[in-house]
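Topology and contacts: notes
What follows is each chain in one-letter form.
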Amino acid sequence: NAGVTQTPKFQVLKTGQSMTLQCAQDMNHEYMSWYRQDPGMGLRLIHYSVGAGITDQGEVPNGYNVSRSTTEDFPLRLLSAAPSQTSVYFCASKRGSNQPQHFGDGTRLSIL
Amino acid sequence: AQTVTQSQPEMSVQEAETVTLSCTYDTSENNYYLFWYKQPPSRQMILVIRQEAYKQQNATENRFSVNFQKAAKSFSLKISDSQLGDTAMYFCAFLPNNAGNMLTFGGGTRLMVKP
């Protein structure tokens with residue numbers, strides 16, 4: 001049982017480049033989320049999904065897109081990377097609304 | 001909107017001693033859930049303990065326990081018999097009942113356990 005798998009673990013981009021952070025879970029969880037963690041701060045919610053085909057914005061959605069075509073996968077897209085998006089990104093999933101999150105190991109993203 | 005405050009950016013404790021990490025939150029909700037997560041240097045986010053607001057009994061998980069004071073909106077974490085492996089960032093988090101993914105985190109407390 002792999003849990004929540006994020007790829008890549010590290011990435012360096014140039015300003016203006018685009019990329020997709022991958023997230024997959026094998027626990028058949030309906031709820032999935034993307035967070036960013038900046039130095040000295042807690043995690044902030046970017047986008048989330050409560051099931052395949054359903055996504056919504058979190059606290060800091062600007063500059064990011066998501067889609068949820070399957071229960072297992074929830075990719076996060078940066079269309080035009082900016083230095084302000086340098087952060088550690090965490091994907092998480094959970095079985096139900098009031099359940100605790102299961103987190104992936106994070107992706108450290110640097111935008112030059 | 002809810003806010004979660006962890007007023008202690010850094011703390012240290014001697015191995016085998018007890019330490020308490022503070023967390024306060026602000027909400028108008030009556031039903032909600034509170035969590036403590038541990039983030040060791042490996043960067044993983046690990047659930048430590050979970051408290052349901054409608055339960056008066058404080059949650060415990062082995063050496064970890066909470067002091068939940070609903071009226072004061074306080075949710076502190078006590079670590080007993082501290083171990084070197086407890087060295088990590090600790091985050092308090094708040095989830096309103098049936099709020100889906102709207103989990104709000106505090107800014108974290110960095111705990112160092114000294115030998």
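Check the entry above for the structure.
Residues numbered from 1 in each chain as written. Chains lettered and ligands numbered in written order. Predicted model: local features only at pLDDT ≥ 70, side-chain atom pairs only at ≥ 80, totals over all residues. Heavy atoms only, no water.

**Topic: the overall build of chain A**
Summing up its helical and strand segments, chain A has zero helices and 11 strands in all. Secondary structure elements in chain A, listed N-terminal to C-terminal, are β-β-β-β-β-β-β-β-β-β-β. For a compact globule of 112 residues, the expected C-alpha radius of gyration is about 13 Å, and chain A comes in at 13 Å, within 12% of that figure. Looking at chain A residue by residue over its 112 residues, the buried ones come to 51%. Residue pairs in contact within chain A that sit at least 24 positions apart in sequence constitute 53% of those at least 6 positions apart. Accessible surface computed for chain A: about 5100 Å², of which carbon and sulfur atoms make up 49%. (Helix = DSSP H or I, 4+ residues; strand = E, 2+ residues; numbered from the N terminus. Rg over C-alpha atoms; globule rule 2.2 N^0.38 Å. Buried < 20%, exposed > 50% of the residue type's maximum accessible area, 1.4 Å probe, protein only. Contact = heavy atoms within 4.5 Å. Areas by Shrake-Rupley, 256 points an atom, 1.4 Å probe, with all protein chains shown as cover.)

**Topic: the packing of aromatic side chains**
Residues and elements named next belong to chain B. Applying the stated criterion across every chain, the model contains 14 aromatic pairs over all chains. When the centroid spacing of 5.9 Å and the interplanar angle of 45° are considered together, the rings of Tyr-37 and Phe-105 count as tilted. Here Tyr-37 is found in strand S5 (residues 32-39), whereas its partner Phe-105 is found in strand S11 (residues 104-105), with 68 residues between them in sequence. Side by side, Tyr-37 and Phe-105 carry an identical accessibility label, which is buried. (Phe/Tyr/Trp six-rings, centres within 6.5 Å; stacked < 30°, edge-to-face > 60°.)

**Quick notes on the layout of surface pockets**
Taken as a whole, the largest pocket spans an internal volume of roughly 590 Å³. What lines the largest pocket is a set of 28 residues, and nearest its centre among them are Gln37(A), Gly40(A), Gln39(B), Met89(B) and Arg110(B). Put simply, the parts of the chain that give the lining of the largest pocket at least two residues each are strand S9 (87-94) and strand S11 (107-111) of chain A together with strand S2 (10-14), strand S10 (88-96) and strand S12 (109-114) of chain B. Looking at side-chain class alone, the lining of the largest pocket contains 13 nonpolar, 10 polar and five charged residues. Size it by volume and the second largest pocket reaches roughly 280 Å³. Taken together, 16 residues make up the lining of the second largest pocket; nearest its centre are Glu59(A), Gln2(B), Leu103(B), Thr104(B) and Phe105(B). For the lining of the second largest pocket, the elements supplying multiple residues, two or more each, are strand S5 (43-51) of chain A together with S11 of chain B. Per-element tally for the lining of the second largest pocket: the top contributor is S5(A), with three residues. (1 Å grid on protein atoms, 1.4 Å probe; cavity = no way out; pocket = protein on both sides within 12 Å on 5 of 7 lines; lining within 4 Å. Points joined across faces, edges and corners; volume = space filled by probe spheres on them. Nonpolar A, V, L, I, M, F, W, Y, C, P; charged D, E, K, R; others polar.)

**Digging into the state of the cysteines**
Per the stated rule, a full pass over the model turns up two disulfides over all chains. Paired by a disulfide, Cys23(A) and Cys91(A) hold their sulfur atoms 1.9 Å apart. The sign of the -70° torsion about the S-S bond sets the Cys23(A)-Cys91(A) disulfide as left-handed. Here Cys23(A) is found in strand S3 (residues 19-25), whereas its partner Cys91(A) is found in strand S9, with 68 residues between them in sequence. The pair formed by Cys23(A) and Cys91(A) is uniform in burial state, with each residue classed as buried. A sulfur-sulfur separation of 2.0 Å characterises the disulfide bridge that pairs Cys23(B) with Cys92(B). One disulfide, between Cys23(B) and Cys92(B), carries an S-S torsion of -70° and so falls in the left-handed class. Of this pair, Cys23(B) sits in the loop between strand S3 (19-21) and strand S4 (24-26) while Cys92(B) sits in strand S10; the two residues are 69 residues apart in sequence, bridging distant segments of the chain. (Disulfide = S-S within 2.5 Å.)

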